[in-house]
Amino acid sequence: MTANPQHETFMRRALELARGVWGTTHPNPMVGAVIVEGGQIVGEGATAPDGGPHAERLALLARGRPPRPGATLYVTMEPCSTHGRTGACTEAIIAAGIKQVVTGAIDPNPAHAGRGFDVLRAAGIEVVTGVLESECTDLNLIFNHWITAQGPLIAAKVAATLDGRIATRTGDSRWITDEPARADVHRWRRLFPGIAVGAMTVVKDNPRLTARLAGAETCPWRFVFDGLLRTVDDKNLPRVYTDEFRERTIVVTTPHGGLGYVRKLQDMGVKVWMFNSPTQRVGFADFRQKCAEHGIAGVYFEGGAQLLSELVRARQLDYLFAYRAPVLFADEKARSVFSGLRPERLDQSVRLADIRHEAFGDDELMRGRVVYPGKMPVDEAVFNGR
């Protein structure tokens, strides 16, 4: 399709509207919509929180009256064609008299993909597809995975040097990346319904695990992976167990941690997910299933290195955010983020696909979908903790 500058201009405004509801629409996608008459925007809308109207309906409501003949609707995702709590958007578009619909991404649900377009065309509406499709699709990477995989997107964030190290040999790591990159991490924290870290990260860094943007602080579900409940046996309990968001903290553990500590956490208002395991490690597949049962569509793992390495070795990491700073340690004893694999050939390596690049001052972000090789050699001694 030949690029149409006017279509792209109005679609960029629709994308801006969708990003304005960043992280507030789960389990629904973030969608933006604008109505254009005679080259002017006359109505705008973005997806309301779960249970509220969709972007298309809000744009029509903002217009305040039926659109004029020849009006065009720009929307970042294919309009829904099924009846949910708010009714099919295709019906509202047809009833409003819209004559042209310009869209970005296709509905990722295989049962619905393209059906909205068919409904609109059958009603005599001109449909233009694929305008800024890549940007519109990327906007909802969590929703897209949730719909197609029927489970949460498990993502990880790393901040490393040019030689792939996350700390010096003494453990010094604050800060490898500068403030602009760290601010972007908070933006992704705002998007993901859950954030996860390992026990040693909690003990060492005592993080808040909240999203702090533009002077506001929000708290997703905070997961602490602690198979032995080492974070509880301490006179100075970590802040995620005692702060004002403690009821948003979930400790992921095993029976090896002790029921006394479990009761202590629960008495403080902290939730506990206990999974049967022959070792102190929680099975990531079990954790993924539990998240799906609770409607948690995505979890953003921030460390530590052992936890992230276990995710890769178990082939349970779906997406990676890799921040890279212009720093070299050049020290074989500096700490690396991933370990435990034994690739002997390049085709045995883990790779990223659908890659995006962004720059934050002098730092860079590469992010993408994790693709595993057909056969992944694993260092069993590392995997088994020996």
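These numbers come from a predicted model, not from an experiment. (Residues numbered from 1 in each chain as written. Predicted model: local features only at pLDDT ≥ 70, side-chain atom pairs only at ≥ 80, totals over all residues. Heavy atoms only, no water.)

Quick word on the overall build of the protein
Move 1: A count of helical and extended segments in the protein gives 12 helices and 18 strands.
Move 2: For a compact globule of 386 residues, the expected C-alpha radius of gyration is about 21 Å, and the protein comes in at 23 Å, within 12% of that figure.
Move 3: Based on the C-alpha atoms only, the size of the protein along its principal axes is roughly 70 × 50 × 40 Å.
Move 4: In the protein, which comprises 386 residues, the share counted as buried stands at 50%.
Move 5: Long-range pairs, those at least 24 residues apart, make up 71% of the contacts in the protein between residues at least 6 apart in sequence.
Move 6: Element-wise, carbon and sulfur atoms account for 50% of the exposed surface of the protein, whose accessible area totals about 18200 Å².
Move 7: Here the protein contributes 47 positive and 44 negative side-chain charges, whose respective centroids are spaced 3 Å apart. (Helix = DSSP H or I, 4+ residues; strand = E, 2+ residues; numbered from the N terminus. Rg over C-alpha atoms; globule rule 2.2 N^0.38 Å. Buried < 20%, exposed > 50% of the residue type's maximum accessible area, 1.4 Å probe, protein only. Contact = heavy atoms within 4.5 Å. Areas by Shrake-Rupley, 256 points an atom, 1.4 Å probe, with all protein chains shown as cover. Lys, Arg positive; Asp, Glu negative; His and termini not counted. Charge placed at Lys NZ, Arg CZ, Asp CG, Glu CD.)

Some details on the pairing of strand β3 (residues 72–77)
Move 1: Counting buried positions along β3 yields six of six residues, so the element is predominantly enclosed.
Move 2: With four bridges joining them, strand β1 (residues 32–37) and β3 adopt antiparallel strand pairing. Bridge pairing in β3 links Ile 35 to Leu 73.
Move 3: In terms of strand pairing, β3 meets strand β4 (residues 100–105) through five bridges, oriented parallel. Looking at the pairing, Met 77 lines up with Ala 105 of β4. (Pairing = 2+ DSSP bridges.)

Details of the confidence of the model for the protein
Should the pLDDT be low somewhere, the predicted coordinates at that spot are not to be read in detail.
Move 1: Summing up the model confidence of the protein, the mean pLDDT is 91 and the portion of residues at 70 or higher is 96%.
Move 2: At the low end of the mean pLDDT range in the protein sits helix α12 (residues 380–383), at 48; at the high end sits strand β14 (residues 298–301), at 98.
Move 3: Scored below 50 in pLDDT, residues 381–386 makes 10 contacts in the model with residues more than four places away or belonging to other chains. (pLDDT = per-residue confidence, 0-100.)

Side note on the packing of aromatic side chains
Move 1: If you walk through the whole model with that rule in mind, you get 16 aromatic pairs.
Move 2: Note on Phe 223 and Phe 287: the rings are 5.0 Å apart at their centroids and 90° apart in plane angle, and the pair reads as edge-to-face. Note that Phe 223 is positioned in strand β11 (residues 221–225) and Phe 287 in helix α10 (residues 284–293), a separation of 64 residues in sequence. As far as the burial class goes, Phe 223 and Phe 287 line up, both buried.
Move 3: For the pair Phe 225 and Phe 287, a centre-to-centre distance of 4.9 Å together with 70° between the ring planes defines the contact as edge-to-face. Here the residue Phe 225 occupies a position in strand β11, and Phe 287 occupies one in helix α10, the gap between them amounting to 62 residues.
Move 4: By way of ring pairs, the aromatic residues Trp 22, Trp 188, Phe 192, Tyr 300, Tyr 319 and Phe 321 are connected into one cluster.
Move 5: The cationic tip of Arg 248 hangs over the ring face of Trp 221; the distance from NZ or CZ to the ring centre is 4.1 Å.
Move 6: Over the ring of Trp 273 we find Lys 290, and its NZ or CZ is 5.7 Å from the ring centre. (Phe/Tyr/Trp six-rings, centres within 6.5 Å; stacked < 30°, edge-to-face > 60°. Lys NZ or Arg CZ within 6 Å of the ring centre and 35° of its normal.)

Re the state of the cysteines
Move 1: Summed over all chains, the structure comprises zero disulfides.
Move 2: Of all cysteine sulfurs, the one in Cys 89 lies closest to Cys 80, which takes part in no disulfide; the gap is 3.5 Å.
Move 3: Its sulfur unpaired, Cys 291 is 15 Å from the next cysteine sulfur, which belongs to Cys 219. (Disulfide = S-S within 2.5 Å.)

Notes on the pairing of β1
Move 1: Within β1, six of the six residues are buried, leaving the element largely enclosed by the surrounding structure.
Move 2: Of the two faces of β1, the one holding Gly 32, Val 34 and Val 36 and the one holding Ala 33, Ile 35 and Glu 37 are both buried throughout.
Move 3: Bridge count between β1 and strand β2 (residues 40–46): six bridges; the pairing is antiparallel. Counterpart to Gly 32 in the pairing with β2 is Ala 46.
Move 4: The hairpin turn running from β1 into β2, its antiparallel successor, is two residues long, and Gly 38 in that turn takes a positive phi close to 55°.

As for the nonpolar core
Move 1: Ranked by size, the top nonpolar core spans 58 residues in total, and within it Trp 188, Phe 321 and Tyr 323 carry the most contacts.
Move 2: It is helix α1 (residues 5–19) that contributes the most residues to this core, six residues altogether.
Move 3: Setting aside chain neighbours within four positions, we find Phe 321 in contact with Ala 155, Ala 156, Lys 157, Val 158, Trp 188, Phe 192, Tyr 300, Leu 365, Met 366 and Arg 367. (Core = buried A, V, L, I, M, F, W, Y, C linked by side-chain atoms within 4.5 Å.)

Some details on the sheet that holds strand β5 (residues 126–128)
Move 1: Taken in spatial order, the five strands make up an open sheet running β2-β1-β3-β4-β5, and their pairing is mixed. This sheet does not close on itself; its edge strands, each paired only once, are β2 and β5. For this sheet, the mean angle separating the axes of adjacent strands, direction not counted, is 20°.
Move 2: Strand direction decides the pairing type here: β4 and β5, joined by three bridges, are parallel. Along β5, the bridge assignment pairs Val 102 with Val 128.
Move 3: Its contacts with the sheet put helix α2 (residues 55–63) on β1, β2 and β3, and the angle it makes with β2 is roughly 135°. (Axes fitted to C-alpha atoms, helices over the stretch in contact; angles between N-to-C directions.)

A word on the sheet that holds strand β15 (residues 319–324)
Move 1: Read from one edge of the open sheet, nine strands run β13-β12-β11-β8-β14-β6-β15-β18-β17, paired in mixed fashion. Edge positions in the sheet fall to β13 (271–274) and β17 (351–360), since each has one partner strand and no second. When strand polarity is set aside, the average angle formed by the axes of neighbouring strands in this sheet is 20°.
Move 2: As defined by bridge partners, strand β6 (residues 153–160) adjoins β14 across four bridges and the pair is classed as parallel. Counterpart to Ile 154 in the pairing with β14 is Val 299.
Move 3: Docked against the sheet, helix α6 (residues 141–149) engages β6, β14, β15 and β18 (363–371), running at close to 145° with respect to β6.

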